[in-house]
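Residues per chain, in single letters:
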Amino acid sequence: MHSYIINASIQIVPIVLDKHPYDWVDDAIAIIQKSGIKYEVTPFATILEGTYDAVMKVIHDVNEFLYEKGCAEWITNLQIQVRSSSNVTGDEKISKFR
């Protein structure tokens, strides 16, 4: 894949009874924070920005973490916007609203 910036969102929906679902979500956000890519936490999803490879690695790392830590079941909702010839950023999409 190219090295342009892509824009994505990830939402983790734990289906668990062992602890509050927000605790699992907080753990997932911690993985994103440690990744070094640009991110923004929102009430329903976390927005990611980086190269395709970097974003996909973070998505993989979040799912792998949940699996390794014993989360019984979860849904990962993703939205990924890729532009084949240039960067796509969240700022370009929302700057007119700021």
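Residue positions are counted from 1 within each chain, in the order its sequence is given. The model is predicted, so local features are restricted to residues of pLDDT at least 70 and side-chain atom pairs to those at 80 or more, both for listing and for counting; the totals for chains, interfaces and linings are taken over all residues. Computation of side-chain values: all heavy atoms of the structure, hydrogens and water removed.

Asks: So what's going on with the pattern of salt bridges? Which residues, and what values?
Replies: For this document, the term salt bridge refers to a Lys or Arg side-chain nitrogen within 4 Å of an Asp or Glu carboxyl oxygen. For the structure on display, the rule yields six salt bridges. D91 serves as the salt-bridge partner of K38, at 3.4 Å between the closest nitrogen and oxygen. Taken together, the positions of K38 in strand β2 (residues 38-41) and D91 in helix α3 (residues 90-94) put the pair 53 residues apart, joining distant regions of the chain. A salt bridge links K57 to D61, with the shortest nitrogen-to-oxygen separation between them at 2.7 Å. Secondary structure is summarised from DSSP: a helix means a run of H or I of at least four residues, a strand means a run of E of at least two, and numbering begins at the N terminus for each.

Asks: Requested: an account of a nonpolar patch on the surface, with residues and values cited.
Replies: On the surface, a cluster of nonpolar side chains totalling about 350 Å² of accessible area is made up of M1, L78, I80 and V82. Here M1 is to be found in the segment before β1 (5-14). Only residues whose relative accessible area exceeds 30% and that take part in no salt bridge are eligible for patches, with like-charged residues grouped when within 9 Å of each other and nonpolar side chains (Val, Leu, Ile, Met, Phe, Trp, Tyr) grouped when within 5 Å. Where accessible areas are quoted, they stem from the Shrake-Rupley method and a 1.4 Å probe; at the residue level, only the protein chains shown are allowed to cover.

Asks: Any details on the side chain of N7? Residues and values, ideally.
Replies: With respect to the helices and strands, the residue N7 is situated in strand β1. Each residue gets one of three labels from its accessible area relative to the maximum for its type: buried under 20%, exposed over 50%, partly exposed in between, using a 1.4 Å probe on protein chains only. Overall, N7 belongs to the buried group, its relative accessible area being 8%. In protein, a polar contact means a hydrogen-donor-capable atom and an acceptor-capable atom, both N or O and within 3.5 Å, with residues adjacent in sequence counting only if both atoms are side-chain atoms; elsewhere, any N or O pair within 3.5 Å suffices. Here the side chain of N7 touches E49 through a polar contact of 3.2 Å, side chain to side chain. Here K93 takes part through its side chain, which lies 2.7 Å from a polar atom of the side chain of N7. A contact between two residues is defined here by any heavy atoms of the two lying within 4.5 Å. Beyond its immediate sequence surroundings of up to four residues, N7 is in contact with I47, L48, E49, Q79, I80, Q81, V88, T89, G90 and K93.

Asks: Residues and numbers for the nonpolar core, please.
Replies: One recurring pattern in soluble globular proteins is that nonpolar side chains are buried together. Of all hydrophobic cores here, the largest spans 18 residues; its most connected members are I10, L48, V55, V62 and L66. Looking at this core, the element that brings in the most residues is helix α2 (residues 52-68), giving six residues. Excluding its chain neighbours within four sequence positions, the residues that come into contact with V55 are I6, A8, I37, L48, E49 and G50. Among buried residues, those of type Ala, Val, Leu, Ile, Met, Phe, Trp, Tyr and Cys that are joined through side-chain atoms within 4.5 Å constitute a nonpolar core.

Without other data, these values stay purely geometric and don't point to any function.
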